[in-house]
Amino acid sequence: MNRWKLLQLILMGPAFAAATFLVGWLGVPLLACFWGWYDRIENRPALVGSVSAGIGWLIMLLWTSVNGPVLLLAQRTAAIWQVPTIAFLALTILFPMGLAWSAGIVGMTLRHGLSARAGSN
Amino acid sequence: MSSYRVIRLTFALIMLGATSYVGARRMGQLPPLGSFLDPAHGIWAVARAAEMPSESQGEIDVLGESVRVVYDRRGVPHIWAATTDDAVRALGYVVARDRLFQMELQARAAAGRLTEWFGERALEVDRQQRSIGLPWSAESNLAQADTNSEAVRLGRLYAEGVNSWLDGMRSSDLPFEYKLLDVEPELWNELNGILTFKRMGYTLAYDTHDRRRTQIERLIGREATDALFPINSPIQEPIQPARRSEPRFDYQTLPPPAERERESPNEVVARAPTPSNTLRSLPPLPLLQPSASGRLGSEVGSNNWAVSPSRSASGNALLSGDPHLNLTLPSIWYEVHIKVPDEVDVYGVTIPGIPGVVIGFNRDIAWSFTNTGADVLDYYRETLDRDAAPTRYMLDGEWRELDQRIEIFEGIDGDTLAVDTLYATHRGPLLFSDQGVLSMRWTVLEEMGSVGALTGAASATSVAEFQEAMETYYAPAQTMIVADRAGNIAIRSTGRFPIRPDNGDGTVIRDGTSSASDWLGYWPLDEYPGAINPSQGYLASANQQPVDPLASDRYLGVNWPTPWRALRINELLRNNSSVTQEEMAGYQTDPGNAKADLFVPAFLEAAERALAFGPDELLAEAAHVLSEWDRRYTKGNRHAVLFESAMHVLTDRVWDELVPRGSGQRVATPGQSILATLLRDPDSPWWDHAATAEVVETRDEILVTSLVDAFEQLTEDHGVPDGDGWKWENNRHNNVMHLLGFPALSALDLPVQGGPGNLNPSSGQGTHGASWRMVVELGDRVYARVTYPGGQSGNLVSSLYDNRIRQWVDGVLEEVFFPTNPEDLDPEDMLSALVLERGGYRDE
């Protein structure tokens, strides 16, 4: 991973967090789609977007945990749904990742079309 | 075109569609995952609001002057306002801040609008609430009320405070339950307060005994029904002191059950929960675990008592109160202190949604309530002009127009689930039952609540002023105890008690075609049961019959709870002429039980007589175990479970005549005072067990077999006696259920000191009990200790959500902070400060 890619990952996480904060969860597919459409260097923009979205939500969870009992909340909510706590926490991270990856692919396709050369994932 | 890219795009589009769909739409009971999981605005944000900031500001649009609110370390807000109006606004604000979901849920339950949150699952309970006219009457009461009346004005001020909180609420402040259900809070209005008050009326004063009585008569005849469900309790320890040094037992021989074919269960209203029973006893709508809660136990109620200075160790008046209600998280009560200079300085508990302190104390008086249990609901058999879509009803030979109202039940998405037409006569709503068309008159429907009376009580400075303020109190009827700093104590059953025609009997369904059946008015105030400064030096109530019929035979109610708790508290108070406030607190969880004192000797004497005829190893062992019991329901006691099991078997066997043929459930169960009456009559036909047609059992045989069978069953379930399985704490629990019935948010399987009939009662599923405990000493300085099962916050991850559960289980009370000025509160005892200003909202 070169420095540019590393920087991308570092910056994209907060970007997804900011998008979520500003426009709610729909900010995730919107930003991912845009990133898939925009990125010309990264050959795996959908994957980067997906990982970044997960990181972004994880950052927000960590920030919330500084200000409140996140783990207790996870335990109680998971118990309501009758799933393991870890599964509920994982769902919170996997959900934006799935959204971002699929939206990223759509963004890539919008820019490059199905036949043009485009990065893979 | 790359086929790989086509497949990838197809897969991505499907995935995007699927994740967006579950992100935006409900899936069964799951909320839309997008907004729910969103760490910035969804449920995770709830964690950020778990604890209050040390300082914050809020704004209320119409506030007169700024209001200072200081939360002490127990989470209790102390409101300092310049005017009562501002104090009530601030009360609405702080209660909404902590209990918004509870407020709206309770009001919706009373309005029959739960379907809008829960869909078709709630349709039956909503229909039931609307069919008895709760929302109809609330709206009518409000429409007819003077807009400047105290109750309307207070409701409006309170709504202004609640809505100011809603206006400025951040996403993290929206309670978890709203996010889970994917619903938004509605603006609060005066109607919600009235509905909340009526909901309490429904909980405490909705009694269908008259209708059930007809069914019982079909099984055992009128004479036996009157004896088994009497107007007067056979054990008299009345609220209004009878000037005796001990209770009066009025045992009478019970007439035998009428010889008749017992009807099929389809013809009898079975004891299985009707919608009304279910709604009253369950948390409003247990969603995922509907079996986690149970019906209202027959032996629960409330206690209050007061001791005059002549019998207290300190020479000050003492007062204790512990109303027994649904145990829920968050609690039904919210603790608060309100101070308005020269107007009011009151501390106590409010019900979220009601603009005032319901039970509490000020610098001069303390008061508490128990439910009177008076009969304030009657049914009338009506004649309509036609069966379907009636328009008129017959009264005094003429047709009268029926009032009509269309009730629309909306679903989660605003769709129409059902449309009902309600009808009402001049008495009240019509019910179409298996007993015909009945109209219902009920005091709870006739008045919009008694908030004004509560406000007057809060600023009263003496027993006399308190009682004067409560003269306007309407419903649900409550037995109100009060003590003041001058050493006066008083009690009075207060509310509107109907005067009925003829012999005044309220147990029958009356003829609706005659206006002569109507109520003639209400009891005059000076005839309300009560007493002031009795010579015995104390007063007590525990839902028992208020007046000994030897003192007054005026009909007030029927089938009164057996006064086990009243017997016990009177015994404790009689035997202590120097009561301390610590002892008062101890009495609230006293392990003694008057029922055990009466029935244990009966079991043992029956066993002794049986053993005299010949050896019976099992009976001897069972009797031995029971004889070793100290008759106390302490958590570690290993004998109480045998007695309770034996009582359970005994009850089943004795009252088998009340089980319809082919049904496994009794239509109704007579009070245990009737069972006590039966002990005096060893050959009564009621002892005969119908299942053994060839044998005619007597008292001793039923007592002995009940004891032995209970002992055998317990041994089978828990092993040898004295094993841990026999411990009371392993057999009897309290369950404090979350309002939505989620076990994960509830406090379950809590050990309890007390059982059926104890001052700290526990029966059924353990979902009812002492919802608030308070002991107040009214000396130069008011000293009060309190607790309730739960915590001040409705936020499920707040440290104040369930922090008082442990102390409540242990019977420990906490001294309250009752500062005169904000500065009097030690900074170490302060949790948070809030300043409310006039204007648009801002926070932190």
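Keep in mind that this is a model prediction, so the values were computed, not measured.

Criteria and cut-off values
- Residues numbered from 1 in each chain as written.
- Chains lettered and ligands numbered in written order.
- Predicted model: local features only at pLDDT ≥ 70, side-chain atom pairs only at ≥ 80, totals over all residues.
- Domains from an automatic or database assignment.
- Contact = placed C-beta atoms within 7 Å.
- Nonpolar A, V, L, I, M, F, W, Y, C, P; charged D, E, K, R; others polar.
- Core = buried A, V, L, I, M, F, W, Y, C linked by C-beta atoms within 7 Å.
- Buried ≥ 20, exposed ≤ 12 C-beta atoms within 10 Å, placed from the backbone.
- pLDDT = per-residue confidence, 0-100.
- Axes fitted to C-alpha atoms, helices over the stretch in contact; angles between N-to-C directions.
- Helix = DSSP H or I, 4+ residues; strand = E, 2+ residues; numbered from the N terminus.
- Parallel < 35°, antiparallel > 145°, perpendicular 65-115°, else oblique.
- Pairing = 2+ DSSP bridges.

(A) Geometry of the domain arrangement of chain B. Residues and elements named next belong to chain B. As assigned here, chain B comprises domain 1 (303-373 + 446-496 + 523-570) and domain 2 (594-631 + 634-730). Just the C-alpha atoms count here: the centres of domain 1 and domain 2 sit 37 Å apart. In this complex, domain 1 contributes six residues to the contact, which on the side of domain 2 involves five residues. Here the residues of the side of domain 1 that touches domain 2 are counted per class, giving three nonpolar, two polar and one charged.

(B) Local environment of the nonpolar core. Residues and elements named next belong to chain B. Within the largest apolar cluster, 264 residues are counted, with the highest numbers of intra-cluster contacts made by I79, A90, L91, A306, A483 and L707. Mapping this core onto the domain boundaries places at least three of its residues in each of domain 1 (303-373 + 446-496 + 523-570) and domain 2 (594-631 + 634-730). Every residue in contact with A90, bar those within four places of it in the chain, is listed here: V67, V69, I79, A81, G161 and L836.

(C) Structural view of the confidence of the model for chain B. Looking at chain B as a whole, the pLDDT averages 92, with 94% of positions reaching at least 70. Counting interchain partners and residues more than four positions distant, the pLDDT-below-50 stretch residues 263-299 of chain B has 94 contacts.

(D) How the structure looks around the packing of helix α4 (residues 84-111) of chain B against helix α10 (residues 190-205) of chain B. Residues and elements named next belong to chain B. With their axes 8 Å apart at the nearest point, α4 and α10 run at an angle of 75° to one another. As the angle between them shows, α4 and α10 are arranged roughly perpendicular. Counting all contacts with α4, which are made through Q106, A107, A109, A110 and A111, the residues of α10 involved are N192, L195, T196, K198 and R199. Within the contact of α4 with α10, the residues separate by chemical class into five nonpolar, three polar and two charged.

(E) How the structure looks around the interface of chain A and chain B. With 32 residues of chain A in contact, the opposing surface of chain B contributes 32 residues. Where the side of chain A that touches chain B is concerned, the elements lending two or more residues are α1 (3-23), α3 (45-67), α4 (70-81) and α5 (85-112) of chain A. With 10 residues, the single largest contributor to the side of chain A that touches chain B is α5(A). In terms of residue class, the side of chain A that touches chain B is built from 20 nonpolar, 11 polar and one charged.

(F) Highlighting the pairing of strand β20 (residues 436-442) of chain B. Residues and elements named next belong to chain B. Counting buried positions over the seven residues of β20 gives five, a clear majority of the element. Taken together, the five bridges between strand β14 (residues 377-381) and β20 define a ladder with antiparallel strand orientation. Bridge pairing links R381 to L438 in β20. Looking at chain direction, strand β19 (residues 430-433) and β20 are connected through four bridges and run antiparallel. For L430, the partnering residue across the bridge sits in β20 and is S439. Here β19 hands over to β20 after two residues, the two strands then running antiparallel side by side.

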